[in-house]
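Here's the letter readout for the chains.
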Protein chains: 2
Amino acid sequence: MPRTTRSPESRERVVAAAWRVVADVGVQDATMRRIAAEAGVTTGSVTHHFADKHDLLAAVVRHNNLLARDRIVAAVGDGRGLVALEGAVDALLPIDADRRREWQVGVACWGPAAPGDRAAGELRDGWRYLERLLAALFDQAVEDGELPPTVDAGYEAARMVVLVAGVGMLAGVESPERVRRDAKRMLADQLQRLEEARTEDHTGGMGR
Amino acid sequence: MPRTTRSPESRERVVAAAWRVVADVGVQDATMRRIAAEAGVTTGSVTHHFADKHDLLAAVVRHNNLLARDRIVAAVGDGRGLVALEGAVDALLPIDADRRREWQVGVACWGPAAPGDRAAGELRDGWRYLERLLAALFDQAVEDGELPPTVDAGYEAARMVVLVAGVGMLAGVESPERVRRDAKRMLADQLQRLEEARTEDHTGGMGR
DNA sequence: CCCGTTGCGTAACAAGCGTTACGGCAGGGC
DNA sequence: GCCCTGCCGTAACGCTTGTTACGCAACGGG
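For clarity, every value in this text was computed on a predicted model and none was experimentally measured. (Residues numbered from 1 in each chain as written. Chains lettered and ligands numbered in written order. Predicted model: local features only at pLDDT ≥ 70, side-chain atom pairs only at ≥ 80, totals over all residues. Heavy atoms only, no water.)

Focus on the overall build of chain A
- When you go through chain A residue by residue, the secondary structure sums to 9 helices and 0 strands.
- When the helices and strands of chain A are listed from N to C terminus, the series reads α-α-α-α-α-α-α-α-α.
- Sorting the 208 residues of chain A into buried and exposed places 46% on the buried side.
- Sequence-distant contacts, at least 24 apart, represent 68% of the contacts inside chain A between residues at least 6 apart.
- Of the roughly 10300 Å² of accessible surface on chain A, 50% is carried by carbon and sulfur atoms. (Helix = DSSP H or I, 4+ residues; strand = E, 2+ residues; numbered from the N terminus. Buried < 20%, exposed > 50% of the residue type's maximum accessible area, 1.4 Å probe, protein only. Contact = heavy atoms within 4.5 Å. Areas by Shrake-Rupley, 256 points an atom, 1.4 Å probe, with all protein chains shown as cover.)

Following this line, the structure appears as structure tokens:
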């Protein structure tokens with residue numbers, strides 16, 4: 001049987017086009033024909049690669065997650081602990097046009113993705129990945145002595161995820177300048193608080 | 001000219017019905033006919049009160065804001081400062097079914113509300129109201145000596161809004177139990193951090 | 001060299017959408 | 001008591017949507 005002649009490339013083209021359309025006009029107006037036109041193909045090609053629209057949307061969310069993931073691993077590199085953590089979070093903040101588009105897609109697919117839907121599972125997986133990664137980096141920071149052992153890595157990771165989600169969501173209604181300014185400050189504050197707890201812990205022994 | 005015979009009541013009924021439908025099935029599947037059926041009327045009544053669907057959605061978001069606002073003012077009551085602030089934030093956290101539905105509507109209307117749309121303006125107004133209220137309460141807390149004067153009320157309010165938005169957004173993908181547990185802890189942490197700064201400040205400077 | 005299979009364009013489908021036009025019903029102003 | 005005017009149910013319109021059926025070109029295995 002003749003396998004795929006040159007297939008996986010054009011499937012990715014359709015997903016990338018759908019991602020762009022969703023980011024631009026939302027899920028509501030991201031019609032099959034518009035996506036096909038953006039990809040430079042027709043609906044026949046789209047329906048050939050995807051069972052239905054829900055399937056395509058799930059692929060779009062997965063693509064969105066991969067974009068974020070690639071950005072994160074590039075930012076982390078071979079770093080460890082707090083530096084890597086700050087880089088990872090920074091890579092997600094909606095402080096430029098590209099990152100804001102990723103948030104646009106993420107939030108747009110949040111609503112219509114009803115519980116049990118395929119896209120909803122992809123979305124949840126993305127958040128879980130982020131939380132686990134951050135928890136691992138917090139653990140490293142404790143291991144390396146950057147943070148006191150009293151730090152609850154899992155909880156701090158969840159807290160960081162909430163910060164990222166909150167900033168990302170509000171980026172849709174706030175001015176980019178303000179988001180850029182506040183987001184950086186909040187990230188720095190949240191990390192600094194934990195570091196202060198460490199130095200306090202050390203100096204606190206003699207003071208008390 | 002004969003004014004409205006008994007009008008404003010049925011308009012509200014349609015808005016409330018639309019709010020329920022959007023919370024249940026999302027904006028995409030919240031059709032005019034379905035909303036009308038939920039309200040116990042027909043599309044003729046709906047189109048009589050609202051110019052078009054965007055107009056109705058804007059009213060739904062406004063309704064959603066009012067629900068949250070009523071809950072906030074009930075929680076604040078005649079309280080001041082940190083107690084009132086904690087009550088206000090607590091009134092917004094998606095820790096029960098009612099509050100989660102409000103978040104469902106808010107996020108669902110975030111995506112399809114393209115910039116310049118009427119619903120987007122309503123959404124932004126809701127966030128602005130919350131931020132100003134929290135800033136005022138932070139100011140009161142500083143005034144009453146609950147927090148040191150070094151506290152930047154505007155920034156802390158923005159930070160609190162981010163916490164609320166993040167928790168609300170993640171409530172859609174996390175289990176209710178976990179959200180309930182983490183949200184309370186994060187709120188307490190964020191407030192406690194500021195209070196600790198005060199006691200440190202006082203014990204360091206002069207004996208309170 | 002042929003043939004089965006795959007990739008994808010074309011075209012059509014039925015369903016459902018938002019929206020509009022119209023008509024009857026009621027209730028106050030003159 | 002007439003009539004004018006808001007209220008709302010009925011019904012239809014035109015359009016777009018997701019989806020499907022079909023057909024041609026290309027390509028690799030036998």
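Still more to cover.
Digging into the pattern of salt bridges
- Taken as a whole and judged by the stated rule, the model has 32 salt bridges over all chains.
- For Arg 185 of chain A, the salt bridge goes to Asp 152 of chain B, with nearest N and O atoms at 3.7 Å. One end of the pair, Arg 185 of chain A, is in helix 9 (residues 176-207); the other, Asp 152 of chain B, is in the loop between helix 7 (118-143) and helix 8 (153-170), on a second chain.
- Classification of Arg 185 of chain A by relative accessible area gives partly exposed; the value is 40%.
- Residue Asp 152 of chain B is classed as partly exposed on the basis of its relative accessible area of 35%.
- Taken together, the shared-partner salt bridges connect Arg 128 and Glu 131 of chain A together with Glu 174, Arg 178, Arg 181 and Asp 182 of chain B into one network. (Salt bridge = Lys/Arg side-chain N within 4 Å of Asp/Glu carboxyl O.)

Quick word on the confidence of the model for chain A
Residue and element names in this part refer to chain A.
- Taken residue by residue, chain A gives an average pLDDT of 90. The fraction at 70 or more is 88%.
- When mean pLDDT is compared element by element in chain A, helix 2 (residues 32-39) scores highest at 98, while helix 9 scores lowest at 77.
- Under a pLDDT of 50 for its full length, residues 201-208 has, in the predicted model, 2 contacts with residues more than four places off or in other chains. (pLDDT = per-residue confidence, 0-100.)

So, the interface of chain A and chain B
- Every contact between the two is made by 34 residues of chain A and, on the other side, 34 residues of chain B.
- At the boundary of chain A with chain B, total buried surface from both sides reaches about 3700 Å², with 63% on carbon and sulfur atoms.
- At the junction of chain A and chain B, the tally comes to 6 salt bridges.
- Between Arg 178 of chain A and Glu 131 of chain B there is a salt bridge, with the nearest N and O atoms lying 2.4 Å from each other.
- Counting every contact that joins chain A to chain B gives 14 residue pairs in polar contact (both at pLDDT 80 or more). (Buried area = accessible area lost by both parts, 1.4 Å probe. Polar contact = N/O pair within 3.5 Å; in protein donor to acceptor, adjacent residues only side chain to side chain.)

Overview of the nonpolar core
- Among the nonpolar cores identified, the biggest contains 138 residues, and Trp 127 of chain A together with Trp 127 of chain B are the most heavily contacted of them.
- When residues of this core are sorted by domain, at least three fall in each of domain 1 (1-50) and domain 2 (64-204) of chain B.
- Excluding anything up to four places from it in sequence, Trp 127 of chain A contacts Trp 103, Val 161 and Ala 165 of chain A together with Met 169, Leu 170 and Val 173 of chain B. (Core = buried A, V, L, I, M, F, W, Y, C linked by side-chain atoms within 4.5 Å. Domains from an automatic or database assignment.)

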